[in-house]
Amino acid sequence: DAGVTQSPTHLIKTRGQQVTLRCSPKSGHDTVSWYQQALGQGPQFIFQYYEEEERQRGNFPDRFSGHQFPNYSSELNVNALLLGDSALYLCASSFGGVRYEQYFGPGTRLTVT
Amino acid sequence: AQKVTQAQTEISVVEKEDVTLDCVYETRDTTYYLFWYKQPPSGELVFLIRRNSFDEQNEISGRYSWNFQKSTSSFNFTITASQVVDSAVYFCALSDNYGQNFVFGPGTRLSVLP
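Note that this is a predicted model, so its numbers are computed, not measured. (Residues numbered from 1 in each chain as written. Chains lettered and ligands numbered in written order. Predicted model: local features only at pLDDT ≥ 70, side-chain atom pairs only at ≥ 80, totals over all residues. Heavy atoms only, no water.)

**Looking at the interface of chain B and chain A**
Interfaces are often described in size by the accessible area the parts lose on coming together.
At step 1: If you look at the interface, chain B gives 20 residues, while chain A gives 19 residues.
At step 2: Buried area between chain B and chain A, summed over both chains or domains, comes out near 1,600 Å², and the portion from carbon and sulfur atoms is 55%.
At step 3: Put simply, chain B and chain A have zero salt bridges between them.
At step 4: Taken together, the connections running from chain B to chain A amount to two residue pairs in polar contact (both at pLDDT 80 or more).
At step 5: Residue assignment for the side of chain B that touches chain A shows that the elements contributing at least two residues are β5 (32-39), β6 (46-52), β10 (88-96) and β11 (102-104) of chain B. (Contact = heavy atoms within 4.5 Å. Buried area = accessible area lost by both parts, 1.4 Å probe. Salt bridge = Lys/Arg side-chain N within 4 Å of Asp/Glu carboxyl O. Polar contact = N/O pair within 3.5 Å; in protein donor to acceptor, adjacent residues only side chain to side chain. Helix = DSSP H or I, 4+ residues; strand = E, 2+ residues; numbered from the N terminus.)

**A word on the pairing of strand β2 (residues 10-14) of chain B**
Residues and elements named next belong to chain B.
At step 1: The side-chain alternation of β2 yields one buried face, formed by Ile11 and Val13, and one unburied face, formed by Glu10, Ser12 and Val14.
At step 2: Judged from the five bridges that link them, β2 and strand β12 (residues 108-113) form a sheet pairing that is parallel. Its bridge partner lying in β12, Val14 is registered against Leu113. (Buried < 20%, exposed > 50% of the residue type's maximum accessible area, 1.4 Å probe, protein only. Pairing = 2+ DSSP bridges.)

**Here's the deal with the pattern of salt bridges**
Residue and element names in this part refer to chain A.
At step 1: All chains considered together, the criterion is met by seven salt bridges over all chains.
At step 2: One salt bridge in this structure joins Arg22 and Glu75, with 3.4 Å as the shortest N-O distance. In this pair, Arg22 sits in strand β3 (residues 19-24) while Glu75 sits in strand β8 (residues 74-78), placing the two residues 53 residues apart along the sequence.
At step 3: Residue classification places Glu75 among the buried residues on the basis of a relative accessible area of 17%.
At step 4: Of the charged contacts in the structure, one is a salt bridge between Asp85 and Arg63, with a shortest N-O distance of 2.9 Å. On the criterion of sequence distance, the pair formed by Asp85 in the loop between β8 and β9 (87-94) and Arg63 in the loop between β6 (53-57) and β7 (64-68) is long-range, its members being 22 residues apart.

**Considering the nonpolar core**
At step 1: With 25 residues, the main nonpolar core has Trp36, Trp66, Phe77, Tyr90 and Leu110 of chain B as its most contacted residues.
At step 2: Every element with two or more residues in this core is listed here: β2, β3 (19-21), β5, β6, β8 (64-69), β9 (74-79), β10 and β12 of chain B.
At step 3: Among the elements that make up this core, the one with the highest residue count is β10 of chain B (four residues).
At step 4: Judged by nonpolar contacts, the second largest core, of 20 residues, contains Cys23, Val32, Ile46 and Phe64 of chain A. (Core = buried A, V, L, I, M, F, W, Y, C linked by side-chain atoms within 4.5 Å.)

**With respect to the confidence of the model for chain B**
At step 1: On average, residues of chain B score 94 in pLDDT, and 100% of them reach the 70 mark or higher.
At step 2: Averaged over each element, pLDDT in chain B is lowest for strand β7 (residues 59-61) of chain B (89) and highest for β3 of chain B (98). (pLDDT = per-residue confidence, 0-100.)

**Re the sheet that holds β3 of chain A**
All names here are of chain A.
At step 1: Read from one edge to the other, the open sheet built from four strands follows the order β1-β3-β8-β7, with strand pairing classed as antiparallel. Only two strands of the sheet have a single partner each, and these edge strands are β1 (5-7) and β7. Averaged over all pairs of adjacent strands, the angle between their axes in this sheet comes to 20 degrees, without regard to strand direction.
At step 2: Two elements, β7 and β8, share five bridges in a ladder whose sense is antiparallel. Residue pairing across strands places Gln68 opposite Ser74, the latter belonging to β8. (Axes fitted to C-alpha atoms, helices over the stretch in contact; angles between N-to-C directions.)

**Notes on the packing of aromatic side chains**
At step 1: Taken as a whole and assessed by the stated rule, the structure comprises 22 aromatic pairs over all chains.
At step 2: With centroids separated by 5.3 Å and ring planes inclined at 90 degrees, the aromatic side chains of Phe47 of chain A and Tyr49 of chain A adopt a geometry described as edge-to-face.
At step 3: The class for Phe47 of chain A is buried, based on a relative accessible area of 0%.
At step 4: Relative accessible area serves as the criterion here: at 4%, Tyr49 of chain A is assigned to the buried category.
At step 5: Three or more aromatic residues joined by ring pairs make a cluster, and in this case those are Tyr35, Phe45 and Phe104 of chain A together with Phe35, Tyr37, Phe47, Phe91, Phe102 and Phe104 of chain B.
At step 6: In this structure, Lys26 of chain A packs its charged tip against the face of Tyr103 of chain A, placed 5.0 Å from the ring centre. (Phe/Tyr/Trp six-rings, centres within 6.5 Å; stacked < 30°, edge-to-face > 60°. Lys NZ or Arg CZ within 6 Å of the ring centre and 35° of its normal.)

Shown next, in the form of structure tokens:
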């Protein structure tokens, strides 16, 4: 049984560019959440997708957007990249939302130069 | 607003010592959920435990134990007879009842020396 997978593993972008990160949830899970983890800090909740809709959102600007597909996989898009967007982006899946056990993927390390 | 505090930034112990990681939370909700996650050097967060606010029973799982005290808003984690493989960053986290707010603490880096 495959766990949560994310792609790509690493990514280097230039300020102002746009990036798309991908996530496939654990089999049987219907909820995908995205987190941003800056170096040396705890993960920060970006948003949660359930039934192909954004259900909850953390304190992140509209430059951060996402999508969930019918097969529950998800994408995170970040527009107009800033140097401060450099971080590890983690995807987590669960059944029923973030108040339940979440399984995390290995993350995508984004570097903005 | 919900908040999780882990006052210990880094802890270093020698193998076989017991170690307790502190977690203090703030919430106005009566129903909420507390979690502990482990992040080893590989980077992937690993779920350790989930407790709801109505279950204050302490829990033991092998060398791991958790002490939940609503009176002090604390959910502390103890590793007994620590091992080198326990070296990781440990995060305490808090969710409200509706999954509308999920907050991680800043983490405690535990180093277990041989």
